[in-house]
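An overview of the molecular structure
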Amino acid sequence: MKLERVLPMKNLRRKPARTAALVLLSAFLALSVFGGSVMVLSLRNGLKSYESRLGADIVAVPYQARTKGSFESILLQGIPGMFYMDEKYYNKICAIDGVEAAAPQFYLASTSAGCCSVPVQIIGFDPERDFTVQPWVRERYAGELGDGDIIVGSELTVPKDGTLTFYDTPCRIVAQLGKTGTGLDTAVYTNMSTIKAMMRSAESLGFHYLTDVDPDHAVSAVMIRVAEGYDAEAVTGDINVHVRHVEASAAAAMLSSVAGGLRSVSGVIVLLVAAVWVLAAAVLSIAFALISHERAKEFAVLRVLGASRNMLSRLLLAEAAIVSFSGAAIGASAAALIVFPFGKAISAAMELPYLMPPLGTVLAIGAASLLLSTVAGALSAALSAWRVSRNDAGLLLREGA
Amino acid sequence: MVLRAENVSRRFLRQRKGSNVFYAVRGATLALAPGSLTELTGRSGSGKSTLLNLLAGLLEPTEGKVFLDGTDLYALEDGPRSRLRNQTLGVIPQGQTALGALTVLENVLLPGLLYGLPCPRERGEELLDQVGIAPLKNACPTELSGGELRRLAIARALALRPGILLADEPTGDLDDENTRTVLSLLRRSADEGLAVLLVTHEREAAGYADRHYRMDGGVLTED
Ligand SMILES: Nc1ncnc2c1ncn2[C@@H]1O[C@H](COP(=O)(O)OP(=O)(O)O)[C@@H](O)[C@H]1O
Ligand SMILES: [Mg+2]
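If you're wondering where the values come from, they're calculated on a predicted model, not measured in any experiment.

With that out of the way, let us pick up the overall build of chain B. Per the secondary structure count, chain B includes six helices and ten strands. Taking 17 Å as the expected radius of gyration for a compact globule of 223 residues, we find that chain B reaches 17 Å, a close match to that expectation. Considering only C-alpha atoms, chain B reaches an extent of 50 × 40 × 35 Å along its principal axes. Across the 223 residues in chain B, those meeting the buried criterion constitute 56%.

See the structure below:
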């Protein structure tokens, strides 16, 4: 039908400012629902990845690191942390009943290195005892991790020559880990002898990180796997009771605080989206009521010329659909422009793990948001469209005479 | 093509006045035949426009029937009745009735857009020429005077070559010269075979008409 294609466009062009305002309003519908759902999904994804990435049932760190929340900062925000305890505590942990495996890690922060604009976390681990790092290797560039070799997190760019230099120690990149959405994506992993060499190099460069602990006999954190049949909470309790100066946390407990944060952030997002929708839908319905009122006489004229009641409804609905579709397209694009580049920053600000769903899922959500917002926009004109079709042409024209 | 009202009445509910039911049109019988121009006069509020709307299929009678040839207009659903109006009736409503978003020429061609049976552009231009506003074809309706808008409505009513033309005070805002132009245009249309109903206050119109009706308090009588 030609009229529905021609007239709504002309009507919209006739009032460019009003049309722009309505389009903008519809854009908020798509922007909020698309942006909001991608964020909520990314947070959920992030939590899942955080859970599996942790890879340990219990994490033990020096008491002072625990109280300062340094370990969570590394995980959630990628803020490098350095804390140390004597190796003897590691041995004590290994001796606790129910500890099946314990992997020590040694932490060092780089200075603003050539590779990265910010200091990165360097994590030394023992490939023999490790069970939380190596399962995450996504891409292998060279052979096994030997002395002077490193494995890098997914967010670090691998230079052409395949080496990164820390504290004057050039390191060969042998592998890269998969994306996790946690702070560990910017970390660098190496074996214990390499990181100790770096430490000594740092000391000779004038950085004195360790004052009261001998670097050769220090660990930063211990990743613990609980043996079958033991309760992680109980083993955690045992460690905390029997090993002084060490604070063990069950992964489940660490997760539950993150999950709680995620729930409240998701709740706020959902609430915001709902508020935007209620508001936008209300304003749009009022706008279309005003438009149909303003154009009541023109609708009566169309009726006189032979338009059926249904055609009048369709004309108004077409106008609403054009507005809401173009708005939704703009809003969805804007959401993509915000969510993709700034997702990381948003998550850092919220101190929650954030992992974008696969592109296909994001695109599907975008398409669904587009559809939903268009339908909502058109629906906001539905009542007015129905009223328009009920109007009495004869009466309207008499009034206008 | 014959448009025929048989004993049609239209009752309205009215808030004030003694009885709250009153007849705007009461028992009107009228036939508009091809080739004849029928004049309808009457005081303001006597029911002329109501009768015209009844004839146009725009207002359902409370009693009586309206036939277009053999078809009972109000036995049809709104859709087919509207389409029939579009294709067989040319209606010139009271007042100013151009669509603001369209140019003058687009307004004239508008009836052709409704059901995808376009009215050729040349036809529109020719009609604008006949009513004397051809130079304004690309103007916006807001730039037109009341009289020019009225002439636009006449051109628009003729766009799809209707068999019947219903004109509600088409010369309302026009000066003498333009009144004569419009009246002779309606006359010519009747001569070309249209059935024309002309609702008017114009004394001069009597000379152009074949039949004369008066409306008085909703009651129709032939002079
Ligand atoms: N839809 C309506 N509701 C109530 N009263 C109406 C309606 N349409 C017309 N009338 C009344 O019917 C009478 C005839 O109106 P109308 O046909 O417009 O008169 P005319 O065209 O002769 O001036 C008037 O009193 C008018 O107020
Ligand atoms: Mg009237």
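For the rest of this paragraph, the subject is the domain arrangement of chain A. All names here are of chain A. Looking at chain A, the domain boundaries give domain 1 (2-49 + 258-400) and domain 2 (55-250). Here the C-alpha centroids of domain 1 and domain 2 sit 49 Å apart. The interface is formed by nine residues belonging to domain 1 together with eight residues belonging to domain 2. For the pair domain 1 and domain 2, the two sides together bury roughly 730 Å², of which 56% comes from carbon and sulfur. For the pair domain 1 and domain 2, the number of links is zero salt bridges. When its residues are assigned to classes, the side of domain 1 that touches domain 2 shows six nonpolar, one polar and two charged.

Turning to its location among the elements, A:Ser384 is positioned in helix H12 (residues 382-390). In this structure, A:Ser384 is in contact with A:Ser285, A:Phe288, A:Ala289, A:Ser292 and A:Leu316, ignoring residues within four places of it in sequence.

The next subject is the pairing of strand E10 (residues 219-222) of chain B. All names here are of chain B. Here four bridges tie strand E9 (residues 211-216) to E10, and the two strands are oriented antiparallel to one another. Bridge pairing in E10 links arginine 214 to threonine 221. Between E9 and E10, which pair antiparallel in sequence order, lie two residues; one of them, glycine 217, sits at a positive phi of approximately 55°.

The next thing to look at is the coordination of the magnesium ion (ligand 2). Listed as protein donors to the magnesium ion (ligand 2) are B:Ser49 (OG) and B:Gln94 (OE1); their distances from the metal cover 2.1 to 2.6 Å. On the criterion of sequence distance, the pair formed by B:Ser49 in helix H1 (residues 48-55) and B:Gln94 in the loop between strand E6 (89-92) and helix H3 (104-114) is long-range, its members being 45 residues apart.

By size, the foremost hydrophobic cluster in this structure holds 83 residues, and its most contacted members are A:Leu3, A:Phe71, A:Tyr189, A:Met223, A:Leu302, B:Leu110 and B:Leu114. Per-element tally for this core: the top contributor is helix H8 (residues 251-294) of chain A, with 15 residues. When residues of this core are assigned to domains, at least three fall in each of domain 1 (2-49 + 258-400) and domain 2 (55-250) of chain A. When residues no more than four places from it in sequence are discounted, the contact partners of A:Tyr189 are A:Arg53, A:Ile123, A:Phe125, A:Val133, A:Asp149, A:Ile150, A:Ile151, A:Leu177 and A:Leu184. Core analysis: the next-biggest nonpolar cluster, separate from the first, contains 36 residues, B:Ala155, B:Ala159, B:Val182 and B:Leu186 among them.

Turning our attention to the environment of B:Glu6. Residues and elements named next belong to chain B. With respect to the helices, strands and loops of the structure, glutamate 6 is situated in strand E1 (residues 3-13). For the pair glutamate 6 and glutamate 77, spaced 71 residues apart in sequence, the C-alpha separation works out to 20 Å. The residues touching glutamate 6, leaving out its near neighbours within four places in the chain, are Ala28, Thr29, Gly64, Lys65 and Phe67. Within the local environment of glutamate 6, its side chain forms a polar contact with the side chain of arginine 4, the two groups lying 2.3 Å apart.

Another aspect to go through is the packing of aromatic side chains. Tallying each qualifying case throughout the model produces four aromatic pairs over all chains. Ring geometry for A:Tyr84 and A:Phe106: centres 5.0 Å apart, planes at 40°, overall tilted. You can see A:Tyr84 sitting in the loop between helix H4 (70-77) and strand E2 (85-86) and its partner A:Phe106 sitting in strand E3 (residues 99-109), a full 22 residues away along the chain. For the pair A:Tyr84 and A:Phe106, one class covers both residues: buried. Seen in terms of ring centroids, B:Phe12 and B:Phe22 are 6.3 Å apart; in terms of plane orientation they differ by 35°. Their pairing is tilted.

An α-helical segment advances 3.6 residues per turn. Residues three or four places apart therefore align on the same side. Residue and element names in this part refer to chain A. Residues of helix H7 (residues 232-242) that are buried include every one of Val235, Thr236 and Ile239, and no others. Seen from one end, H7 has its buried residues packed into an arc of 105°, which puts them on one side. Within H7, the exposed residues directed more than 90 degrees away from the buried face are Val241 and His242. Residues of H7 that are buried sit in contact with strand E1 (58-62), helix H5 (87-95), E3, strand E11 (221-226) and strand E12 (246-250).

The next thing to look at is the layout of surface pockets. Using a probe with the size of a water molecule, rolled over the atoms, empty space left in the structure can be pinpointed. A volume near 280 Å³ is recorded for the second largest pocket. Of all the secondary-structure elements, those providing two or more residues to the lining of the second largest pocket are helix H1 (2-14) of chain A together with H3 of chain B. In terms of residues, the lining of the second largest pocket owes the most to one element, H3(B), which gives six residues. Among the residues making up the lining of the second largest pocket, the classes are represented as nine nonpolar, three polar and four charged.

This part is about the pattern of salt bridges. Residues and elements named next belong to chain A. Within the structure shown, the criterion is met by 23 salt bridges over all chains. For aspartate 149, the salt bridge goes to arginine 172, with nearest N and O atoms at 3.1 Å. Linking aspartate 149 in strand E6 (residues 149-152) with arginine 172 in strand E8 (residues 169-177), this pair joins segments that are 23 residues apart in sequence. Note on aspartate 149: relative accessible area 6%, which makes it buried.

Right, let's get into helix H6 (residues 176-191) of chain B. Residue and element names in this part refer to chain B. The end-to-end C-alpha distance of H6 is 22 Å, a good match for the 22 Å that 16 residues give at a rise of 1.5 Å each. When H6 is considered as a whole, its buried residues turn out to be Asn178, Thr179, Val182, Leu183, Leu185, Leu186, Arg187, Ser189 and Ala190. Contact partners of the buried residues in H6: strand E3 (37-42), helix H4 (121-130), helix H5 (146-158), strand E7 (164-168) and strand E8 (195-199). Glycine 193 lies just past H6 and shows a positive phi near 115°.

Residues and elements named next belong to chain A. The tally for this structure, following the rule as stated, stands at four cavities of 30 Å³ or more. Size it by volume and the largest cavity reaches roughly 100 Å³. What lines the largest cavity is simply Arg53, Leu54, Phe71, Ile74, Leu75, Gln105, Tyr107, Ile123, Thr132, Leu184, Tyr189 and Met223. Among the elements that take part in the lining of the largest cavity, H4 stands out by supplying three residues, more than any other.

In this section: the pairing of E11(A). Consecutive side chains along a regular strand alternate between the two faces of the sheet. All names here are of chain A. In terms of burial, E11 is a largely internal element, five of the six residues being buried. Alignment of E1 against E11, held across three bridges, turns out to be antiparallel. Its bridge partner being in E11, alanine 60 is matched across the sheet by valine 222. Pairing geometry for E3 and E11, over six bridges, is antiparallel.

Calculation rules
Here the residue index of a chain counts from 1 through its sequence in written order. Chain letters and ligand numbers both follow the written order, the letters beginning at A and the numbers at 1. This being a predicted model, a pLDDT of at least 70 is required before a residue's local features are given, and a value of 80 or more before pairs of side-chain atoms are given or counted; all residues contribute to the totals for chains, interfaces and linings. Heavy atoms throughout the structure, all of them, feed into the side-chain values; hydrogens and water do not. Each helix corresponds to a stretch of at least 4 residues labelled H or I by DSSP, and each strand to a stretch of at least 2 residues labelled E; elements are numbered beginning at the N terminus. Only the C-alpha atoms count toward the radius of gyration. The rule for a globule is 2.2 Å times the residue count to the power 0.38. Here the term buried applies to any residue with accessible area under 20% of the maximum for its type, exposed to any over 50%, and partly exposed to those in between, with areas from a 1.4 Å probe on protein chains only. Residue ranges assigned to each domain were obtained from an automatic or database domain assignment. In this description, contact between two residues means that some pair of their heavy atoms is separated by no more than 4.5 Å. Throughout, the accessible surface (probe 1.4 Å) given up by two parts as they are put together, summed over both, is called the buried area. One side-chain nitrogen of Lys or Arg within 4 Å of one carboxyl oxygen of Asp or Glu is enough to make a salt bridge. Polar here means any residue other than Ala, Val, Leu, Ile, Met, Phe, Trp, Tyr, Cys and Pro, which are nonpolar, and Asp, Glu, Lys and Arg, which are charged; Gly is therefore polar. The rule for pairing is simple: two strands pair if DSSP sees at least two bridges between them. Coordination shells were defined by N, O and S atoms within 2.8 Å of each metal, extended to 3.2 Å for Na, K and Ca; water is absent from the atom set, which can make sites look incomplete. What is meant by a nonpolar core is a set of buried Ala, Val, Leu, Ile, Met, Phe, Trp, Tyr and Cys residues, joined one to another through side-chain atoms within 4.5 Å. Pairing of N or O atoms within 3.5 Å defines a polar contact, subject to two protein rules: one partner must be a possible hydrogen donor and the other a possible acceptor, and residues neighboring in sequence count only if both atoms are side-chain atoms. Working definition: rings of Phe, Tyr and Trp (its six-membered ring) pair if their centres are within 6.5 Å, and the pair is stacked with planes under 30 degrees apart, edge-to-face with planes over 60 apart, and tilted otherwise. The arc in question is formed by the directions pointing from the helix axis toward the C-beta atoms. Grid points spaced at 1 Å and placed over the protein atoms alone form the basis of the search, with a cavity being a set where a 1.4 Å probe fits but cannot get out and a pocket an open set showing protein on both sides within 12 Å along at least five of seven lines. Lining residues have an atom within 4 Å of a point. Grid points are joined across faces, edges and corners, and a volume is the space filled by probe spheres set on the points. Take the number of residues in a helix, subtract one, and multiply by 1.5 Å to get its expected span.

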